Amino acid sequence: MTDSGGAPGAGKRWTDLRKRALSAAVLLPAALACIWFGAESFTAMVALAVAVLTWDWVHLCGRRTRAFPGLAVPLVVLAAGSLAVMDQARAALAVLLAGSAITWLGVARMGRRSGVTQPARRLAAGVLYIGLAGLALIELRYDNEAGRGNVLFVFIVVWASDIGAYMAGRAFGGPKLAPAISPNKTWSGALGGLAAALVFGGACALAFTPGAALASIAVVVVLVGVASQAGDLLESAIKRHFNVKDTSSLIPGHGGLLDRLDGVLAAAPVAALLSYALGQGRPLWGWVW
């Protein structure tokens, strides 16, 4: 999610809008096509995204993915994802948890042996941070009856929240949302993001289930939208911890893939938990009041 900044000078408010629009024009159609055309194409997209996300994370930790200990992060996450594709969700989660613990202990031990401090906790945290979101997305899409609509709904809510926060924050400014974490984010941006999510997420839900209860849709949009914004704040805290502006310069106007998918990384597990509570074959907004 973008920084929903305060109110800079009129000439500086929208200086990065063109770069962001061009990046979105390239990325969004490809993502939507993968979501729409089936679980296999979506899985390929998730696998590619996970590979890039782990590359971003390992480099943030000052390591390389070509050799241990950095290589442990993509290996564990992709192994768990492979089990999820084979409909072994519990085994995938167990691999993810065990892999994170082993990475932490193993890297710490390597550090003690070599006398060089290794980023054990950081690398292990990346396994869970990226891996849980990857598993959640796979599980959501592999529900053949409701998977397409649920995943599309999650992405639309996250994107709408992101764009709405950017536009409202730049236009209105005002009180800061969490100045100690991200001094550019404002309450107007957060509320604008939720308003946009309600409009576009609601439209998506009604397109798939025209008779759905508006109250149910609104509750789920708010839950997923708030999770997305929390993910954005978490990413800001991570970058502050590492003392970097962007996780990388991979995507013009957006930084690294971690910068671009921060909302998805937090929203996907929340949506997967909702889906699990509802049971397979039901839309995320299919609650009965």
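Since we're looking at a predicted model, the values are computed, not measured.

Thresholds applied
- Every chain is numbered independently, its residues counted from 1 as its sequence is written.
- Only residues with pLDDT of at least 70 are given local features in this predicted model, and only at 80 or more are side-chain atom pairs given and counted; all residues enter the totals for whole chains, interfaces and linings.
- Water and hydrogen atoms were dropped before computing side-chain values, which therefore reflect all heavy atoms in the structure.
- Counting from the N terminus, the helices are the DSSP runs of H or I reaching at least four residues and the strands are the DSSP runs of E reaching at least two.
- Here's how the labels work: a residue is buried when its accessible area is under 20% of the maximum for its type, exposed when over 50%, partly exposed in between, all with a 1.4 Å probe on protein chains only.
- The predictor attaches a confidence to each residue, and that confidence, scored 0 to 100, is pLDDT.
- Any pair of residues with heavy atoms lying within 4.5 Å of one another is described as a contacting pair.
- Put simply, two rings from Phe, Tyr or Trp (the six-membered ring, in Trp's case) pair if the centres are within 6.5 Å, and we call them stacked under 30 degrees between planes, edge-to-face over 60, tilted for the rest.
- Remark: a charge is flagged as sitting over a ring if the NZ atom of Lys or the CZ atom of Arg is within 6 Å of the ring centre and within 35 degrees of the ring normal.
- Interaxial angle, 0 to 180 degrees, is taken between N-to-C directions of lines fitted to C-alpha atoms, where a helix line uses only the stretch in contact.
- Take the far helix as your reference; a near helix turned counterclockwise from it by less than a right angle gives a left-handed crossing, and one turned clockwise gives a right-handed crossing.
- Under the scheme applied here, ten amino acids are nonpolar (Ala, Val, Leu, Ile, Met, Phe, Trp, Tyr, Cys and Pro), four are charged (Asp, Glu, Lys and Arg), and all others, including Gly, are polar.
- Put simply, buried Ala, Val, Leu, Ile, Met, Phe, Trp, Tyr and Cys residues joined by side-chain atoms within 4.5 Å make one nonpolar core.
- Multiplying 1.5 Å by the residue count of a helix minus one yields the expected span of that helix.
- Each salt bridge in this description consists of a side-chain nitrogen of Lys or Arg and a carboxyl oxygen of Asp or Glu lying within 4 Å of one another.

A cis amide bond links Phe-68 with the next residue in sequence, Pro-69, at an omega value of 10 degrees. Within the secondary structure, Pro-69 is located in the loop between α2 (39-60) and α3 (72-85). In this structure, Asp-87 takes a positive phi of about 65 degrees despite not being glycine. One can find Asp-87 in the loop between α3 and α4 (89-114). Residue Asp-87 is classed as exposed on the basis of its relative accessible area, which comes to 60%. The phi dihedral of Asn-243 falls on the positive side, at around 60 degrees, and the residue is not glycine. The topology assignment puts Asn-243 in the loop between α8 (214-242) and α9 (257-260). Relative accessible area serves as the criterion here: at 69%, Asn-243 is assigned to the exposed category.

Of the residues in the protein, 88% have a pLDDT of 70 or more, and the chain-wide mean is 88. Averaged pLDDT values for the elements of the protein fall to 78 in helix α1 (residues 17-36) and rise to 97 in helix α7 (residues 187-208). Segment residues 4-8: pLDDT under 50, and 22 contacts once partners within four positions in sequence are set aside and those in other chains are kept.

Two descriptors summarise a pair of aromatic rings, namely the distance from one centre to the other and the angle between the planes of the rings. Applying the stated criterion to the full structure yields 5 aromatic pairs. Relative to Trp-285, the ring of Phe-153 lies with its centre 4.8 Å away and its plane at 50 degrees, an arrangement referred to as tilted. Linking Phe-153 in helix α6 (residues 147-172) with Trp-285 in the segment after α10 (262-278), this pair joins segments that are 132 residues apart in sequence. What makes Phe-153 buried here is its relative accessible area of 0%. Ring geometry for Phe-155 versus Trp-159: centroids 5.3 Å apart, planes at 65 degrees, classification edge-to-face. Here Trp-159 and Phe-155 lie together in helix α6, a separation of 4 residues that amounts to about one turn. When sorted by exposure, Phe-155 lands in the same class as Trp-159, which is buried. Every member of this aromatic cluster is reached through a ring pair, and the members are Trp-57, Tyr-129 and Phe-242. A cation over a ring is seen here: Arg-148 above Trp-36, with NZ or CZ 4.3 Å from the ring centre.

All right, on to the packing of α8 against α10 then. Here α8 crosses α10 at 145 degrees, and the two axes come no closer than 7 Å. You can see that α8 and α10 cross each other, and the crossing is right-handed. Contact residues: α8 offers Val-220, Leu-223, Val-224, Ala-227, Ser-228, Gly-231, Asp-232 and Glu-235, while α10 offers Asp-262, Gly-263, Ala-266, Ala-267, Val-270 and Leu-274. By residue class, the composition of the contact of α8 with α10 is 8 nonpolar, 3 polar and 3 charged.

Take the nonpolar core next. Ranked by size, the top nonpolar core spans 62 residues in total, and within it Phe-42, Trp-57, Phe-153, Val-154, Phe-155, Leu-284 and Trp-285 carry the most contacts. Of all the elements, helix α5 (residues 120-141) adds the most residues to this core, at 11 residues. When residues no more than four places from it in sequence are discounted, the contact partners of Phe-155 are Ile-35, Phe-42, Leu-137 and Val-264.

For α3, spanning 14 residues, the distance from its first C-alpha to its last is 20 Å, which sits close to the expected 20 Å at 1.5 Å a residue. What α3 keeps buried is the set Ala-72, Val-73, Pro-74, Val-76, Val-77, Ala-80, Gly-81 and Ala-84. Downstream of α3 by a residue or two, Asp-87 has a phi angle that is positive, lying close to 65 degrees.

Quick look at α6 now. In this model, α6 (26 residues) spans 37 Å end to end at C-alpha, consistent with the 38 Å of a helix rising 1.5 Å per residue. For α6, the buried fraction is high: 20 of the 26 residues fall into the buried class. In the stretch just after α6, Gly-173 is the one whose phi turns positive, near 60 degrees.

Moving on: the pattern of salt bridges. A pair can form between side chains of opposite charge whenever their charged atoms are brought close. For the coordinates displayed, the defined rule picks out 4 salt bridges. For Asp-162, the salt bridge is made with Arg-260, and the minimal N-O distance between the two is 2.4 Å. Of this pair, Asp-162 sits in helix α6 while Arg-260 sits in helix α9, and the two are 98 residues apart along the sequence. The exposure class assigned to Arg-260 is buried, which follows from its relative accessible area of 15%. Residues Asp-246 and Lys-245 are paired through a salt bridge, measuring 3.8 Å at the closest nitrogen-oxygen approach. Using a relative accessible area of 69% as the deciding quantity, one classes Lys-245 as exposed.

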